[in-house]
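One-letter residues, chain by chain:
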Amino acid sequence: MSRITFATVWFGGCSGCHMSLLDLDAWLFDLASKVELVYGPLADQKTFPDGVDLTLVEGAIANEEHLALAREIRRKTRVLVALGDCAVTGNVTALRNLAGDPSGLLQQIYAERGDPTLAVPRAPGIVPRLIERVTPLHAAVPVDHFLPGCPPSAPRIRAMLEALLAGAEPSEIGRFG
Amino acid sequence: MAARTLTIDGRLVSARAGESILEAARDAGIHIPTLCYLDGLSEVGACRLCLVEVAGSNRLLPACLTPVSEGMEVQTATERLREHRRAIVELLFAERNHVCAVCVASGNCELQNLAIQVGMTHVRYDYLNPVCAVDISHPQFGIDHNRCVLCARCVRACDEVEGVHTWDVAGRGIHARVITDLGVPWGQAETCTSCGKCLLACPTGAIFRRGTSVAELERDPKRIAQIVAARQERW
């Protein structure tokens, strides 16, 4: 059986969902026999390839790079999964929305509350600009499946992957938080 | 006591006259989701989760406040009701900042349980992200308005069970907030007896015991009904 192409993406989150994915331990060998990892923080690939069968996205949409890549991923992915609470609800990442305008927030963090000699980093093309409001993934692009949890446990990630690899509808919704 | 016979979801159910559809359904083992309803407290129909369809009425009626009547035909789980309930829960999540990952009630939260129960995978509405206060002026308890769903169970527990009425609701619409006394910080509310019944009644992590960390909150809202029942026996 030929392997499907598989990608994982890390947006505005803590990487806990990727840690949970790695918690699949020995089952990762089974997964590796069924998928070819073509993009993600666990693979050294700089550009998102065309024709990806399955992509898991961790994290909320917090900056312009996330937004652009989310749109590119959606164009190039058949099945898109929002993995974990930040991708599903915005979660902790979206708490910065309460502070209002992100430029004022950066000014506070980098200058006013920190070293007053430092300035807000501005390096076009290197440091992506924060978008005004952090949003869940589905507010930016259509999402096919949602797996909440902070992070979702390894068995729940496995259950979803097994269902998707078998071409079935994932059944468990699971808990937030 | 006069009995009434009605059908709920096609099942013949008998109920006492004056009983609500919700009570009759529960007696018959038919589950209707609720949030603002709490055994032992008066019903207010605030959350609208228990809306049901009653034959002959164009409007959806709250099961907690609608008395049974003879021959009534009630539907509790139509597609329309399921969609409304899911939308209500999503709107509750969108209206305040319910960040389950950092909430003391995570894993022990009626709102979180409802989300799972109604099949909420994600929120289809834009989050409002309002700026809400956290009041920890009380030496034992705290109130985090980010997590309040305005069910007013604290207000009713304080008024009807403790008999104090420290809690109330001020403001309208999305600006509505529960308040203590006339809007003073909880620690300065002179009427508060620090009994903790509001804490027992709260369905989310909005009212919490100070020092409780994520997923540590444990409470048994059934105790409100036990207190009410025990008093009735005593008096």
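For clarity, every value in this text was computed on a predicted model and none was experimentally measured.

Would you take a moment to explain the overall build of chain A for this structure?
Along its length, chain A carries 6 helices and 7 strands. Scanning chain A from its N terminus toward the C terminus, one meets helices and strands in the order β-α-α-β-β-β-α-β-α-α-β-β-α. Relative to its length of 177 residues, chain A is compact, with a C-alpha radius of gyration of 17 Å against a globular reference of 16 Å. With the C-alpha coordinates aligned to their principal axes, the bounding extent of chain A is approximately 60 × 35 × 30 Å. Looking at chain A alone, contacts between residues at least 24 apart form 79% of all its contacts between residues at least 6 apart. As displayed, chain A has an accessible area near 9000 Å², and 55% of this comes from carbon and sulfur atoms. The averaged location of the 20 negative side-chain charges in chain A is 3 Å from the averaged location of its 16 positive side-chain charges.

Quick question: what am I supposed to make of the interface of chain A and chain B here?
By a widely used convention, the size of an interface equals the accessible area lost when the partners come together. Residue-level contacts link 18 residues of chain A with 22 residues of chain B. Overall, the association of chain A and chain B removes approximately 1600 Å² of surface from exposure, summing both partners, and the carbon and sulfur fraction of that is 65%. When the area that chain A buries against chain B is broken down by residue, the three leading residues are L98, R175 and F176 of chain A, summing to 38%. Along the contact surface separating chain A from chain B lie 0 salt bridges. Our count for the contact surface shared by chain A and chain B stands at 7 residue pairs in polar contact (both at pLDDT 80 or more). Of the residues that constitute the side of chain A that touches chain B, the class distribution is 10 nonpolar, 6 polar and 2 charged.

In this structure, what is going on with the nonpolar core? I would like to understand it.
Across soluble globular proteins, nonpolar side chains have a tendency to be buried as a group. In terms of nonpolar packing, the biggest core is built from 47 residues, with F11 and L137 of chain A together with V89 of chain B touching the most fellow members. When residues of this core are traced back to their parent elements, those giving at least two are β1 (4-10), β2 (35-39), β3 (52-58), α3 (64-76), β5 (77-83) and α4 (85-89) of chain A together with α2 (79-95) and α3 (110-117) of chain B. Among the elements that make up this core, the one with the highest residue count is α2 of chain B (5 residues). Not counting the four nearest positions on each side in its chain, F11 of chain A is found in contact with V57, E58, G59, A60, I61, H66, L69, A70, I73 and L137 of chain A. If you look at the next biggest cluster of nonpolar residues, it comprises 21 residues, including A28, I30, L61 and C64 of chain B.

Would you explain the packing of aromatic side chains in this entry?
Two descriptors summarise a pair of aromatic rings, namely the distance from one centre to the other and the angle between the planes of the rings. Under the criterion given, the structure shown has 4 aromatic pairs over all chains. Geometrically, the ring pair formed by Y39 of chain A and F48 of chain A is edge-to-face, given 5.0 Å between the ring centres and 65° between the ring planes. Exposure class is identical for Y39 of chain A and F48 of chain A. Each is buried. By way of ring pairs, the aromatic residues F141, W167 and W186 of chain B are connected into one cluster.

Hey, could you run me through α2 of chain B in this one?
Working note: α-helix, 3.6 residues per turn, so residues spaced by three or four point in the same direction. Residues and elements named next belong to chain B. Look at α2: 24 Å from first C-alpha to last across 17 residues, which is about the 24 Å you get at 1.5 Å a residue. Among the residues of α2, L81, R85, R86, A87, I88, V89, E90, L92, F93 and A94 are the ones counted as buried. Along its buried surface, α2 packs onto β3 (51-54), β5 (73-75) and α3.

Can you walk me through a nonpolar patch on the surface in this structure?
Side chains of M19, L22, L37 and L42 of chain A sit close together on the surface and give an oily, nonpolar patch of about 340 Å² of accessible area. Tracing the sequence through the fold places L22 of chain A in helix α1 (residues 16-22).

I keep staring at the side chain of T8 of chain A and nothing clicks. Help me out?
Residue and element names in this part refer to chain A. On the secondary structure map, T8 appears in strand β1. Assessed through its relative accessible area of 2%, T8 is described here as buried. For T8, the side chain forms a polar contact with the side chain of H18, separated by 2.8 Å.

Got a minute to help me understand the state of the cysteines in this structure?
Note on terminology: disulfide describes a covalent bond linking the sulfur atoms of two cysteines. The full count for this structure, using the stated rule, is 0 disulfides over all chains. Here C192 of chain B stays free of any disulfide, with the sulfur of C198 of chain B as its closest cysteine sulfur at 6.5 Å.

Help me understand empty space enclosed by the protein, please; the structure alone is not making it clear to me.
Vacant regions in the atomic arrangement are exposed by a probe of water-molecule size rolled over the atoms. Summed over all chains, the structure comprises 4 cavities of 30 Å³ or more. The space that makes up the largest cavity amounts to roughly 160 Å³. If you trace the largest cavity, you find 16 residues lining it, with T89 and N91 of chain A together with H98, V99 and Y127 of chain B closest to the centre.

I'm lost on the sheet that holds strand β7 (residues 145-147) of chain A in this one. Help?
Hydrogen bonds between backbone groups are what pair the strands of a sheet, and the pairing can be parallel or antiparallel. Residues and elements named next belong to chain A. Pairing within the open sheet is parallel, and its 5 strands lie in the order β2-β1-β3-β5-β7. The outermost strands of the open sheet, each flanked by one partner alone, are β2 and β7. Across the sheet, the mean angle from the axis of one strand to that of its neighbour is 25°, orientation sign disregarded. Pairing analysis gives 5 bridges linking β1 to β3, with the strands arranged parallel. Each residue of the ladder has a partner; that of F6, found in β3, is L54. Running at roughly 85° to β2, helix α2 (residues 27-34) makes contact with β1 and β2 of the sheet. Against the sheet, α3 makes contact with β1, β2, β3 and β5, and its axis sits at roughly 135° relative to β5, the strand it touches most.

Whenever I open this one, the sheet that holds strand β1 (residues 3-8) of chain B confuses me. Can you help?
All names here are of chain B. One open sheet accounts for 5 strands, arranged β2-β1-β5-β3-β4; its pairing is mixed. The sheet is open, and its two borders are formed by β2 (11-16) and β4 (61-62), each paired with just one other strand. Its contacts with the sheet put α2 on β3 and β5, and the angle it makes with β3 is roughly 160°.

What am I meant to see in the pattern of salt bridges here?
Working definition: two side chains of opposite charge can pair if their charged atoms are close together. If you walk through the whole model with that rule in mind, you get 16 salt bridges over all chains. In this structure, E162 of chain A engages R158 of chain A in a salt bridge whose closest nitrogen and oxygen atoms are separated by 3.0 Å. With E162 of chain A and R158 of chain A both in helix α6 (residues 154-165) and 4 residues apart, this pair spans about one turn of that helix. Classification of E162 of chain A as partly exposed rests on a relative accessible area of 35%. Taking relative accessible area as the criterion, R158 of chain A reaches 34% and is therefore assigned partly exposed. One salt bridge in this structure joins R124 of chain B and E83 of chain B, with 3.1 Å as the shortest N-O distance. With R124 of chain B in the loop between α3 and β6 (134-135) and E83 of chain B in helix α2, this residue pair connects regions lying 41 residues apart in the sequence. On the basis of relative accessibility, which here comes to 38%, the residue R124 of chain B falls in the partly exposed class. For E83 of chain B, a relative accessible area of 34% puts it in the partly exposed group.

Conventions we followed
Residues numbered from 1 in each chain as written. Chains lettered and ligands numbered in written order. Predicted model: local features only at pLDDT ≥ 70, side-chain atom pairs only at ≥ 80, totals over all residues. Heavy atoms only, no water. Helix = DSSP H or I, 4+ residues; strand = E, 2+ residues; numbered from the N terminus. Rg over C-alpha atoms; globule rule 2.2 N^0.38 Å. Contact = heavy atoms within 4.5 Å. Areas by Shrake-Rupley, 256 points an atom, 1.4 Å probe, with all protein chains shown as cover. Lys, Arg positive; Asp, Glu negative; His and termini not counted. Charge placed at Lys NZ, Arg CZ, Asp CG, Glu CD. Buried area = accessible area lost by both parts, 1.4 Å probe. Salt bridge = Lys/Arg side-chain N within 4 Å of Asp/Glu carboxyl O. Polar contact = N/O pair within 3.5 Å; in protein donor to acceptor, adjacent residues only side chain to side chain. Nonpolar A, V, L, I, M, F, W, Y, C, P; charged D, E, K, R; others polar. Core = buried A, V, L, I, M, F, W, Y, C linked by side-chain atoms within 4.5 Å. Buried < 20%, exposed > 50% of the residue type's maximum accessible area, 1.4 Å probe, protein only. Phe/Tyr/Trp six-rings, centres within 6.5 Å; stacked < 30°, edge-to-face > 60°. Expected span 1.5 Å × (residues − 1). Patch = residues over 30% accessible without salt bridge, like charges linked within 9 Å, V, L, I, M, F, W, Y side chains within 5 Å. Disulfide = S-S within 2.5 Å. 1 Å grid on protein atoms, 1.4 Å probe; cavity = no way out; pocket = protein on both sides within 12 Å on 5 of 7 lines; lining within 4 Å. Points joined across faces, edges and corners; volume = space filled by probe spheres on them. Pairing = 2+ DSSP bridges. Axes fitted to C-alpha atoms, helices over the stretch in contact; angles between N-to-C directions.

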